[in-house]
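# Structural description and commentary
Listed here are the chains, written in short residue letters.
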Amino acid sequence: QLQASGGGSVQFGGSLRLSCTASGRAFSNYASGWFRQAPGKEREFVATISWSGASTDYADSVKGRFTISRDNAKNTVSLQMNSLKPEDTAVYYCAADTLYETVVPGRPGAFGYWGQGTLVTVSS
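To keep things clear, this report deals only with the structure shown in the data block. Every value quoted in this text rests on a predicted model; they were computed, and no experiment measured them.

For the rest of this paragraph, the subject is the overall build of the chain. Secondary structure summary: the chain contains zero helices and eleven strands in total. Relative to its length of 124 residues, the chain is compact, with a C-alpha radius of gyration of 13 Å against a globular reference of 14 Å. Along the first, second and third principal axes, the C-alpha set of the chain runs to 40 × 25 × 25 Å. The buried share among the 124 residues of the chain stands at 44%. Here the analysis covers contacts within the chain between residues at least 6 apart in sequence; of these, 59% occur between residues at least 24 apart. Here the chain has roughly 6100 Å² of accessible surface; of this, 48% comes from carbon and sulfur atoms. Looking at the chain, you have 11 positive and 9 negative side-chain charges, and the mean spots of the two groups are 4 Å apart.

Have a look at this one:
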């Protein structure tokens, strides 16, 4: 089970830190990712991280602004979001699965386990 938290409302240029905590599984065996879905749009890739944390990947739209990290001892994956823009407004979902590619695929269909989502709203 994945539990996402940390969403909220911020102004343009602000920061938020999202967290995703896993329970009931050896989280260190799972690659993880963050995806987002804005109203009327499809769910899209934001960032992924390998099971060890050694490899990360980002959507072009968030590169240089967002950082994904993990702490396997705490069963947690985080997404630090800086320099937020109104177009970052969406429900953010964390996901996990037993994926062992060097670069974890940024396809929602590659992940079988999902958190409930947390809303991020950025005002201009």
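Once you've had a look at it, read on.
Turning our eyes to something else, we now look at the side chain of T118. With respect to the element layout, T118 can be found in strand β11 (residues 118-123). Residue classification places T118 among the buried residues on the basis of a relative accessible area of 9%. Within the structure, T118 has its side chain in polar contact with the backbone nitrogen of G7 (distance 3.1 Å). With near-sequence residues (within four places) excluded, T118 lies in contact with A4, S5, G6, G7, L18, A90, V91 and Y92.

The next point concerns the sheet that holds strand β7 (residues 66-71). A sheet is described by the order of its strands in space; here four strands give the open sequence β1-β3-β8-β7, paired in antiparallel fashion. In this open sheet, the two edge strands, each paired with only one partner strand, are β1 (2-5) and β7. Put simply, the sheet's adjacent strands are angled 15° from each other on average, direction ignored.

On inspection of all chains with the given rule, the structure shows five aromatic pairs. Ring centres of F35 and F111 lie 5.4 Å apart, and the angle between their planes is 70°; on these two criteria the pair is classed as edge-to-face. Of the two residues, F35 is situated in strand β4 (residues 31-37) and F111 in the loop between β9 (90-97) and β10 (113-114); the sequence distance between them amounts to 76 residues. This pair shows no difference in class: F35 is buried, exactly as F111 is. Among the aromatic residues, those joined into a ring-pair cluster are F35, F45, Y93, F111 and W114. Here the basic side chain of R43 rests over the ring of Y93, its NZ or CZ set 3.7 Å away from the ring centre. Positioned above the aromatic ring of F27, the side-chain terminus of R70 is 4.8 Å from the ring centre.

Parameters and conventions
Residues numbered from 1 in each chain as written. Predicted model: local features only at pLDDT ≥ 70, side-chain atom pairs only at ≥ 80, totals over all residues. Heavy atoms only, no water. Helix = DSSP H or I, 4+ residues; strand = E, 2+ residues; numbered from the N terminus. Rg over C-alpha atoms; globule rule 2.2 N^0.38 Å. Buried < 20%, exposed > 50% of the residue type's maximum accessible area, 1.4 Å probe, protein only. Contact = heavy atoms within 4.5 Å. Areas by Shrake-Rupley, 256 points an atom, 1.4 Å probe, with all protein chains shown as cover. Lys, Arg positive; Asp, Glu negative; His and termini not counted. Charge placed at Lys NZ, Arg CZ, Asp CG, Glu CD. Polar contact = N/O pair within 3.5 Å; in protein donor to acceptor, adjacent residues only side chain to side chain. Pairing = 2+ DSSP bridges. Axes fitted to C-alpha atoms, helices over the stretch in contact; angles between N-to-C directions. Phe/Tyr/Trp six-rings, centres within 6.5 Å; stacked < 30°, edge-to-face > 60°. Lys NZ or Arg CZ within 6 Å of the ring centre and 35° of its normal.

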